[in-house]
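One-letter residues, chain by chain:
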Amino acid sequence: MTDSKQNNLKRSKEITAEYFAFLDQHIEEVISGKISDFLELNQIAKLLHVSHSHLSDTLQRETGHHPCHFYDLKIVDKAKFLLTDTELSIAEIAKKLTYDPSNFGKFFKKWTGETPGNFRKENKLPKSSPYF
C-alpha cells in the first residue's frame, strides 16, 4: 500500500474518532444547558475542519452509516439513560434533548420500537435496588 493510501486511511479513522468524541461532548453540553440546541451536521464538520461532504463520505466509508445515524443513536442512548437513571419526567427529558414532547415520543419509538413511558417501566431499576 502506498504512503498516500495509508495516510488517507489514518486520516479517515482520525476523522471518525473525532466525530464520535465530538458527539459525546456536544450531547452532554446540550443536556447540561451549556448549549441551547444541537448543531447541524455542516456546523459539526466545520468545527472538525472538514467539509460536510467529506465528513459524510468518510463516516459512510468507515462505518457503513451516515453521520446522522450515529447522532440520533447517541441521542437515543442518552434518552434511555435519562429514562432509567433519573426521576425526570418524559417531557423534561424531551426538553433537555431539545425535542417537543410529542415529537420526542415519535423519535424514540422509531429507534427503539416502544414509547419512552413503556421503556421506562420495563427498564427502570426499583428504588430499593442496591444501585440507588
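Once a new chain begins, its residue numbering starts again from 1 and follows that chain's sequence as written. Only residues with pLDDT of at least 70 are given local features in this predicted model, and only at 80 or more are side-chain atom pairs given and counted; all residues enter the totals for whole chains, interfaces and linings. The side-chain quantities take in all heavy atoms of the structure and omit both hydrogens and water.

A. Structural view of the side chain of Thr-86. Within the element layout of this structure, Thr-86 appears in the loop between helix H4 (67-85) and helix H5 (90-96). A distance of 2.5 Å separates a polar atom in the side chain of Thr-86 from the backbone oxygen of Leu-82. Two residues form a contact once any of their heavy atoms are found within 4.5 Å. If sequence neighbours within four positions are ignored, Thr-86 has contacts with Phe-81, Ile-93, Arg-120 and Lys-124. Helix and strand assignments follow DSSP, with helices taken as H or I runs no shorter than four residues and strands as E runs no shorter than two, numbered in order from the N terminus. Throughout this description, a polar contact denotes any pair of N or O atoms lying within 3.5 Å of each other; where both atoms belong to protein, one of them has to be capable of donating a hydrogen while the other can accept it, and for residues adjacent in sequence the pair is counted only when both atoms sit in side chains.

B. Structural detail: helix H7 (residues 116-123). Each residue is placed in one exposure class: buried if its accessible area under a 1.4 Å probe, protein chains only, is under 20% of its type's maximum, exposed if it is over 50%, and partly exposed if it falls in between. All of the buried residues in H7 are Pro-116, Phe-119 and Arg-120. For H7, the buried positions fall inside an angular range of 100 degrees around the axis, keeping them on one side. Along H7, exposed side chains directed more than 90 degrees from the buried face belong to Lys-121 and Glu-122. Where H7 is buried, its residues touch H4, H5 and helix H6 (101-112). This arc is built from the directions going out from the helix axis to the C-beta atoms.

C. Quick look at the confidence of the model for the protein chain. Residue-level confidence of the predictor, termed pLDDT, takes values from 0 up to 100. Looking at the protein chain, pLDDT values average 91 and 89% of them are 70 or higher. Confidence, expressed as mean pLDDT per element, reaches its minimum in the protein chain at helix H1 (residues 3-32) with 89 and its maximum at helix H2 (residues 41-47) with 97.

D. Summary view of the pattern of salt bridges. When a carboxyl oxygen of Asp or Glu is within 4 Å of a side-chain nitrogen of Lys or Arg, the pair counts as a salt bridge. Within this structure, the stated rule accounts for six salt bridges. Glu-18 is the partner of Arg-11 in a salt bridge, and the nearest nitrogen-oxygen pair spans 4.0 Å. With relative accessibility at 29%, the residue Arg-11 sits in the partly exposed group. For Glu-18, a relative accessible area of 30% gives the class partly exposed. We note a salt bridge from Lys-74 to Asp-24, for which the minimum N-O separation is 2.7 Å. Of the two residues, Lys-74 is situated in helix H4 and Asp-24 in helix H1; the sequence distance between them amounts to 50 residues. Looking at Lys-74, the relative accessible area reads 22%, which means it is partly exposed. According to the relative accessible area criterion, Asp-24 is partly exposed, its value standing at 40%.

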